[in-house]
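# Coordinates in review
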Amino acid sequence: MYNLCISTRTLKPIIVTGDRDYIGFATLPEQVHRKSVKRGFDFTLMVVGESGLGKSTLVNSLFLSDLYKDRRIPEAIDRVEKTTCIEKKTMDIEERGVKLRLTVVDTPGFGDAINCEESWRACCSYIDEQFRQYFTDESGLNRKNIQDNRVHCCLYFVPPYGHGLRQIDLEFMRRMHRKVNIVPVVAKADTLTSAEIKRLKNRIMADIEDNKIQIYQFPDCDSDEDEEFKQQDRELKACVPFAVVGSNTVIEIAGNKVRGRQYPWGVVEVENPKHSDFIKLRTMLISTHMQDLKDVTQDVHYENFRAQCISQISQQAIRERSKLKRDSGPQFESSITDTDRLLLQKDEEIRRMQDMLTQMQEKLKAKGHGPMFKPQLNSPKSDGDNKRDSIVNV
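Attention here is on the structure that accompanies the text. Not measured: the values here are computed from a predicted model. (Residues numbered from 1 in each chain as written. Predicted model: local features only at pLDDT ≥ 70, side-chain atom pairs only at ≥ 80, totals over all residues. Heavy atoms only, no water.)

## Considering the overall build of the chain
Helices and strands together make up the secondary structure of the chain, namely nine helices and eleven strands. Counting all 394 residues of the chain, 34% fall into the buried class. Residue pairs in contact within the chain that sit at least 24 positions apart in sequence constitute 66% of those at least 6 positions apart. For the chain, the accessible area works out to roughly 26,100 Å², and carbon and sulfur atoms hold 50% of it. (Helix = DSSP H or I, 4+ residues; strand = E, 2+ residues; numbered from the N terminus. Buried < 20%, exposed > 50% of the residue type's maximum accessible area, 1.4 Å probe, protein only. Contact = heavy atoms within 4.5 Å. Areas by Shrake-Rupley, 256 points an atom, 1.4 Å probe, with all protein chains shown as cover.)

## A closer look at the sheet that holds strand 3 (residues 41-48)
Ordered in space as 4-5-3-6-7-8, the six strands form an open sheet in which the pairing is mixed. Edge positions in the sheet fall to strand 4 (87-95) and strand 8 (242-243), since each has one partner strand and no second. Pairing geometry for strand 4 and strand 5 (residues 98-106), over nine bridges, is antiparallel. Considered in strand 5, the bridge of E94 is made with K99. (Pairing = 2+ DSSP bridges.)

## Quick word on the pairing of strand 10 (residues 256-263)
Sheet analysis places strand 9 (residues 250-253) next to strand 10, joined by four bridges and oriented antiparallel. Pairing of V250 across the sheet is with R259, part of strand 10. Counted along the chain from strand 9 to the antiparallel partner strand 10, the turn is two residues long, and its residue A254 has a positive phi close to 50 degrees. Where strand 10 meets strand 11 (residues 266-269), four bridges bridge the pair, whose relative direction is antiparallel. Paired with R261 across the bridge in strand 11 is V268.

## Observations concerning the nonpolar core
With 69 residues, the main nonpolar core has L155 and F172 as its most contacted residues. Among the elements that line this core, the one with the most residues is helix 3 (residues 119-139), at eight residues. In contact with L155, not counting residues within four places along its chain, are L45, M46, V47, V48, L62, V183, V185, L281 and L285. (Core = buried A, V, L, I, M, F, W, Y, C linked by side-chain atoms within 4.5 Å.)

## Quick notes on the packing of aromatic side chains
Each aromatic ring pair is characterised by the separation of its centres together with the angle its planes make. Enumeration according to the criterion identifies eight aromatic pairs in this entry. Ring centres 6.0 Å apart and planes at 90 degrees place the aromatic pair F110 and Y156 in the edge-to-face group. Placement of F110 in the loop between strand 5 and helix 3 and of Y156 in strand 6 (residues 153-158) is noted, with a sequence separation of 46 residues between them. F110 gets classed as buried once you look at its relative accessible area, which sits at 1%. (Phe/Tyr/Trp six-rings, centres within 6.5 Å; stacked < 30°, edge-to-face > 60°.)

## Some remarks on the sheet that holds strand 10
Strand order in the open sheet formed by three strands is 9-10-11, and the pairing between neighbours is antiparallel. The open sheet has two edge strands, strand 9 and strand 11, and neither has a second partner. Each strand axis lies, on average, 70 degrees off the axis of its neighbour in the sheet, ignoring direction. (Axes fitted to C-alpha atoms, helices over the stretch in contact; angles between N-to-C directions.)

## Focus: empty space enclosed by the protein
If you walk through the whole model with that rule in mind, you get one cavity of 30 Å³ or more. Each pocket or cavity is described by its volume, and for the largest cavity that value is around 40 Å³. Lining the largest cavity, in full, are I182, V183, P184, I215, Y216, F218, V240, F242 and M284. Of all the elements, strand 7 (residues 182-186) adds the most residues to the lining of the largest cavity, at three residues. Partitioned by chemical class, the residues of the lining of the largest cavity number nine nonpolar, no polar and no charged. (1 Å grid on protein atoms, 1.4 Å probe; cavity = no way out; pocket = protein on both sides within 12 Å on 5 of 7 lines; lining within 4 Å. Points joined across faces, edges and corners; volume = space filled by probe spheres on them. Nonpolar A, V, L, I, M, F, W, Y, C, P; charged D, E, K, R; others polar.)

Structure representation (structure tokens):
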């Protein structure tokens, strides 16, 4: 039998059962869900790769938006001394009442200069800066409205030409794999055949393993998950690195409108699993593993940075304390030397007087007389005048 009552706080019907064993904490997930939806979610994505690999097009395809309306493609002469820059775009997306504040960090100029040895430095500095800002906000007094701008995922675009990872790719991953979740992506996969894509993927994974680079690892499925989810997880793991094709053009094929690229020999459909891994990348990045990417950033990468900061602060405090002790030590000792000397002298006098009184007591007992008096000397005091008074009283 169920009784229906109305909660004045939530204005929603609450079912009250007649079961006495029912406590009510089973509604905690709904409470967390309601609070999270009201607050909204943050996600920061960094895209890294050479110009012309389709980074902007892929991001627009992933989130069905146009983040780069006013971008100008630099001329060849501008790339001679080109350095890596950081461009940040933020937009608010809402889907079925869920709000997402998406931040896309682009790195124009990466790998475009003749000398690319320092291309990774701007990305590394930006990630450390966001960690440092979050650490500062977290350590402050007002921690209620901390804004999370930490980079949760880095899509690294590998060019389709070549036979694996280049030196610039390996250097970037070695510098960044302990700071951010790296997801390698093979760009412009429509320029390769299926056999070539498979061979390139195997070579990239072999290079990553040989150089001991830690890319983002998919979490293992729980034993209670259904078989469909486990199969989807296996397929996602087998697709790394994702071979993708991006396009913002809508083409009509047999009465159906699809996003793709038109070629003389046919059409490459972006969302066709036989043509690219775009659907799998979007599923992993948005539908299934977005929260895990944020958790790994918080629990692993940020905790490593936080531990280093705390260690540096502790070491600096120890060095400053040692320096202060060295600087003030001789002066401090000279200021208390006279006082210590007087106290030691008075303590020695009190001990001598106690010894004399003890000997007198022993002599009186030996002669058969009872103790005439008992020593009433007090223990040494911190004040020299009080000690002097105690000696006079004796």
